[in-house]
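Per-entry structural report
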Amino acid sequence: MPTHSEHLRYLRLLAQQFPTVAAAASEIIRIEAVLRLPKGTEHFMSDLHGEHEAFVHILNSASGVIHEKIDTVLGDSVSPAERAELATLIYYPAQKLPELKARQTDLAGWYRATLLRLIELCRFVSSKHTRAHVRAGLPESCAYILDELLHAHFEDHDKDLYYGQIIDSMLRHDRADAYITRLCEIIKWLAVDRLHIVGDLFDRGPRPDRILDSLMAHHQVDIQWGNHDVVWMGAASGSPLCILTVLKTTLAYNNTDTLESGYGISLRQLERFAQRTYGQSDVTRWLPHTDARNGAAGDLTATARMHKAVTILMLKLESQVIERNPDFHMEGRDWLQRIDWQKGTVRCGDSEYMLLDRDFPTVTPSDPAALTAAEQQVVDGLVRAFAESERLQRHVQFLYDHGALYKICNGNLLYHGAVPMTQEGEFAEHVYEGHSWSGKGLFDYCDRRARQGYFAPEGSPARQAGQDFLWYLWCGAQSPLFGRSAMTTFERLYIADPATHVEVKDPYYRLIDRPETADKILAAFGLQGEGCHIVNGHVPVRAIEGESPVKGGGKLIIIDGGFCRAYHQKTGIAGYTLVYNSRGLILRTHQPFESMEKAIHEDEDIASKSEYIYTAPRRIQVADTDEGVRKRERVRDLEALVKAYESGLIPQGLRV
Ligand SMILES: O=P(O)(O)OC[C@H]1O[C@](O)(COP(=O)(O)O)[C@@H](O)[C@@H]1O
Ligand SMILES: [Mn+2]
């Protein structure tokens, strides 16, 4: 609670902005009007995994929201094919506009019809917003005309004539393309207020860097980090182990483009080292995943050699990190210390297994975690290249600025992985740095440690500890971003017995089938009530086996977007996204996306099914949202200011 004098000081500051009773009162009236508007639409996606084309399509189409608006506004008077064409134009104006223009025999007529349709649509999507909000988002060059088009009244004059005149003059001055493009952008902007990304932007798919560029251009986005994101954040922070881990996945998916073209990180030095060291080795086991083997045979062999080189480097650095972090309790996964170099076997759990690859030319058995001089050089070069990639640094800075381990927004709790639990359904306790953490406390602790890896002073022990923790968040058994017993990368590469490949899910994933688990988690994060839900990513939903993404009696939804092509066979469906508008929470089920090429030229949209999983008892207003809480506080302050004016405590018209 502020003291009386602090409060007065604050009111005097507010008085600078609203110097009279009239000014303060009209601001109160304006805010109260906004509070009664319907809540803006939120759009949720997760597990994008570098599939930028599918991501851009879902983003542009707002998971089908745009198409629905078109259907509502234009209805049956316009054919389905023309509506689909208009939808494509809105999604991809730069690519679709030239194509459509080239096809017209009466171009002026087409311009008129298209502009009129876009204006109608724009008026419809702007109806939930105040005029000031819409005006603030209009590009300066077109602001005046667009404001006129969107807000003109036609009580006493002819709308068609008025629009007709404006459009004619746009055509005469060759401005129609610019206005069409602007209108398309505004429709997308107004249709979705806020975008939530529930983790895993990186890995497997080709261009996560392009996804990040799109997100950075978005008007309002937040990110809940996934395990694949934190390891890239660790890599950009300068953690050698995180760098090798992201390289391992990148090479296994033959995605060197992400690094070389996307981030300007050259793999030449690594490639030469791999050629020198493993040139004579059989690297068949190290070839990229079968569905990622596009490229010449020679290139694939070079990739396989690099894959092997980084894996062995990764194992060495894992050994070092595990040793210096007893808190992680990962000694059982310190593989290089568990190998019998003479016999060529490894101890996994209580059993001994033959190694499938016994070729370790860079390992000294007495000190297996030590890097050779040549390996150290490769690692140093990579650390420098990651640090010097400006684009990667910009992207990771953005992930820190707009991201967190979890988010609470308008009654919903969003996180990527799991809240670690005991078999009995209690929040599991974990001791780090001598303190025990669980539930929300564990999430807050992990968030702090993740930031430490990037923000603690260069070269400090705190920074290294934070980076080690970023790696733990990627694969640790108690990491809320991972939620599995172990990441069995080593076992899959080196041990034939498939029983060792199993990753056991945290009890959380069983317990979320019960409604009380979701309620317990929500309560721990300070949320309760009908409208509160948990939005979770991370695990592909096996729709093919009848699994539903809606758990906990409807309180928890797993929305792995299923963008990852490599997983389509497992899920039998592309995935899920969520839309939360003023009427409730809508689950969208999407079929796989073919390509942007097809979407643009054949108007092929992603087929989606949509179902309400929560219907609000009445239309949700801005007043019911987090923004509404802030606005109501503002109203209270302004009312106090009015009182202060009326009682003479603060003189009106005061300027300092
Ligand atoms: O299928 P891939 O790409 O080889 O990777 C498998 C690994 O990915 C993981 O599933 C983690 O990735 P997700 O966060 O996307 O689930 C690990 O549990 C597993 O070891
Ligand atoms: Mn994940």
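Owing to the predicted nature of the structure, the values given are computational and were not obtained by experimental measurement.

**Notes on the side chain of Lys-631**
By the element assignment, Lys-631 lies in helix 27 (residues 626-646). There is a polar contact of 2.8 Å between the side chain of Lys-631 and the side chain of Glu-627. Excluding anything up to four places from it in sequence, Lys-631 contacts Ile-31, Val-34 and Leu-35.

**Quick word on the coordination of the manganese ion (ligand 2)**
The coordination sphere of the manganese ion (ligand 2) contains the protein donors Asp-200 (OD), Asn-227 (OD1), His-416 (NE2) and His-538 (ND1), at a distance range of 2.2 to 2.3 Å. Mapping the donors of the manganese ion (ligand 2) onto the primary sequence gives the spacing D-x26-N-x188-H-x121-H. Of this pair, Asp-200 sits in the loop between strand 2 (194-197) and helix 12 (208-216) while Asn-227 sits in helix 13 (residues 227-237), placing them 27 residues apart in sequence. Classification of Asp-200 as buried rests on a relative accessible area of 1%.

**Structural notes on the packing of helix 13 against helix 14 (residues 240-252)**
Any two packed helices are characterised by how steeply their axes cross, that is the angle between the axes, and by the distance between the axes. Where helix 13 meets helix 14, the axes come as close as 7 Å, and the angle between the chain directions of the two elements is 125 degrees. Considering their axes alone, helix 13 and helix 14 lie oblique with respect to each other. Crossing geometry of helix 13 relative to helix 14 is assigned as left-handed. Contact with helix 13, carried on its side by Val-231, Trp-232, Gly-234 and Ala-235, involves Cys-242, Ile-243, Thr-245, Val-246 and Thr-250 of helix 14 and no other residues of that element. Broken down by class, the residue content of the contact of helix 13 with helix 14 amounts to six nonpolar, three polar and no charged.

**Quick look at the domain arrangement of the protein**
Here the protein is described as being made up of domain 1 (4-37 + 624-646), domain 2 (63-191) and domain 3 (208-494). A straight line from the C-alpha centre of domain 2 to that of domain 3 covers 47 Å.

**What about the environment of Glu-99?**
Tracing the chain through its elements places Glu-99 in helix 6 (residues 93-103). Once residues lying within four places of it in the same chain are set aside, the contact partners of Glu-99 are Ile-600 and His-601. Within polar-contact distance, the side chain of Glu-99 engages the side chain of Lys-96 at 3.1 Å.

**Observations concerning helix 20 (residues 439-455)**
Residues spaced three or four apart along an α-helix face the same direction, because each turn holds 3.6 residues. Here helix 20 spans 25 Å end to end across 17 residues, near enough to the 24 Å set by a 1.5 Å rise per residue. For helix 20, the set of buried residues is Gly-439, Leu-442, Phe-443, Tyr-445, Cys-446, Asp-447, Arg-449, Ala-450, Gly-453 and Tyr-454.

**Points about the site of ligand 1**
Contacts to ligand 1 come from 14 residues, most closely from Arg-204, Tyr-253, Arg-484, Glu-503 and Tyr-567. The side chain of Arg-492 places a nitrogen or oxygen atom 3.0 Å from an oxygen atom of ligand 1. When ligand 1 is considered free in solution it has 470 Å² of accessible area, and contact with the protein chains removes 85% of it. Considered class by class, the residues forming the shell around ligand 1 number four nonpolar, five polar and five charged.

**A few points about the packing of helix 19 (residues 390-402) against helix 20**
It is the contact of helix 19 with helix 20, at a shortest axis distance of 11 Å, that shows an interaxial angle of 150 degrees. By the angle class used here, helix 19 and helix 20 are roughly antiparallel. In this structure, the crossing between helix 19 and helix 20 has a hand that is left-handed. Residue-level contacts link Gln-393, Val-396, Gln-397 and Tyr-400 of helix 19 to Ala-450, Arg-451, Tyr-454 and Phe-455 of helix 20.

**Concerning the sheet that holds strand 1 (residues 42-45)**
A sheet is described by the order of its strands in space; here seven strands give the open sequence 7-3-2-1-15-16-17, paired in mixed fashion. Whereas interior strands pair on both sides, the edge strands pair on one side only; in this sheet they are strand 7 (403-404) and strand 17 (608-615). Here four bridges tie strand 1 to strand 2, and the two strands are oriented parallel to one another. Each residue of the ladder has a partner; that of His-43, found in strand 2, is Leu-195. Contacts between helix 3 (residues 52-61) and the sheet are confined to strand 1, strand 2, strand 15 (575-581) and strand 16 (584-590), with strand 1 contributing the most and set at about 165 degrees to the helix.

**What to know about the sheet that holds strand 13 (residues 550-551)**
Across the sheet, which stays open at both edges, the five strands sit in the order 8-9-12-14-13 with mixed pairing between neighbours. At either end of the open sheet lies a strand with only one pairing partner, and these are strand 8 (406-409) and strand 13. Pairing geometry for strand 8 and strand 9 (residues 412-415), over four bridges, is antiparallel. Bridged to Ile-408 within strand 9 is Leu-413.

**Brief notes about helix 10 (residues 159-172)**
Helix length check: helix 10, at 14 residues, gives a terminal C-alpha distance of 20 Å against a target of 20 Å (1.5 Å per residue), a fit within 8%. Here helix 10 has its buried residues at Tyr-162, Tyr-163, Gly-164, Ile-166, Ile-167 and Met-170. Tucked inside the fold, the buried residues of helix 10 contact helix 7 (107-126), helix 9 (143-151) and helix 11 (176-191). Looking one or two residues past helix 10, Asp-174 carries a phi angle of roughly 60 degrees, positive in sign.

**Notes on the pattern of salt bridges**
Throughout the structure, instances matching the rule amount to 39 salt bridges. When salt bridges with common partners are traced through the structure, they connect Glu-85, Lys-96, Glu-99, Arg-103 and Asp-603 into a single cluster.

**Some thoughts on the confidence of the model for the protein**
Of the residues in the protein, 98% reach a pLDDT of 70 or more, and the chain-wide mean stands at 93. Here the complex is predicted with pTM 0.94, and the ipTM for its interfaces comes to 0.94.

**Remarks on the packing of aromatic side chains**
Per the stated rule, a full pass over the model turns up 29 aromatic pairs. With 4.6 Å between their ring centres and 10 degrees between their planes, Phe-202 and Trp-232 make a pair best called stacked. Of this pair, Phe-202 sits in the loop between strand 2 and helix 12 while Trp-232 sits in helix 13, and the two are 30 residues apart along the sequence. Note on Phe-202: relative accessible area 0%, which makes it buried. Accessibility expressed as a relative area gives 1% for Trp-232, which makes it buried. Ring centres 5.3 Å apart and planes at 75 degrees place the aromatic pair Tyr-400 and Phe-455 in the edge-to-face group. You can see Tyr-400 sitting in helix 19 and its partner Phe-455 sitting in helix 20, a full 55 residues away along the chain.

**Quick word on the pairing of strand 15**
The buried fraction of strand 15 is high, at seven of seven residues. Residues of strand 15 alternate between two faces, with Gly-575, Thr-577, Val-579 and Asn-581 on one and Tyr-576, Leu-578 and Tyr-580 on the opposite face, all of them buried. The pairing of strand 15 with strand 16 spans seven bridges and is antiparallel. Counted as the bridge partner of Asn-581 is Gly-584 from strand 16. The antiparallel hairpin formed by strand 15 and strand 16 contains two residues in its connecting segment.

Parameters at a glance
Residues numbered from 1 in each chain as written. Chains lettered and ligands numbered in written order. Predicted model: local features only at pLDDT ≥ 70, side-chain atom pairs only at ≥ 80, totals over all residues. Heavy atoms only, no water. Helix = DSSP H or I, 4+ residues; strand = E, 2+ residues; numbered from the N terminus. Polar contact = N/O pair within 3.5 Å; in protein donor to acceptor, adjacent residues only side chain to side chain. Contact = heavy atoms within 4.5 Å. Donors = N, O, S within 2.8 Å, 3.2 Å for Na, K, Ca; no water. Buried < 20%, exposed > 50% of the residue type's maximum accessible area, 1.4 Å probe, protein only. Axes fitted to C-alpha atoms, helices over the stretch in contact; angles between N-to-C directions. Parallel < 35°, antiparallel > 145°, perpendicular 65-115°, else oblique. Left-handed = near helix turned anticlockwise from the far one by under 90°. Nonpolar A, V, L, I, M, F, W, Y, C, P; charged D, E, K, R; others polar. Domains from an automatic or database assignment. Expected span 1.5 Å × (residues − 1). Near = heavy atom within 4 Å. Areas by Shrake-Rupley, 256 points an atom, 1.4 Å probe, with all protein chains shown as cover. Pairing = 2+ DSSP bridges. Salt bridge = Lys/Arg side-chain N within 4 Å of Asp/Glu carboxyl O. pLDDT = per-residue confidence, 0-100. Phe/Tyr/Trp six-rings, centres within 6.5 Å; stacked < 30°, edge-to-face > 60°.

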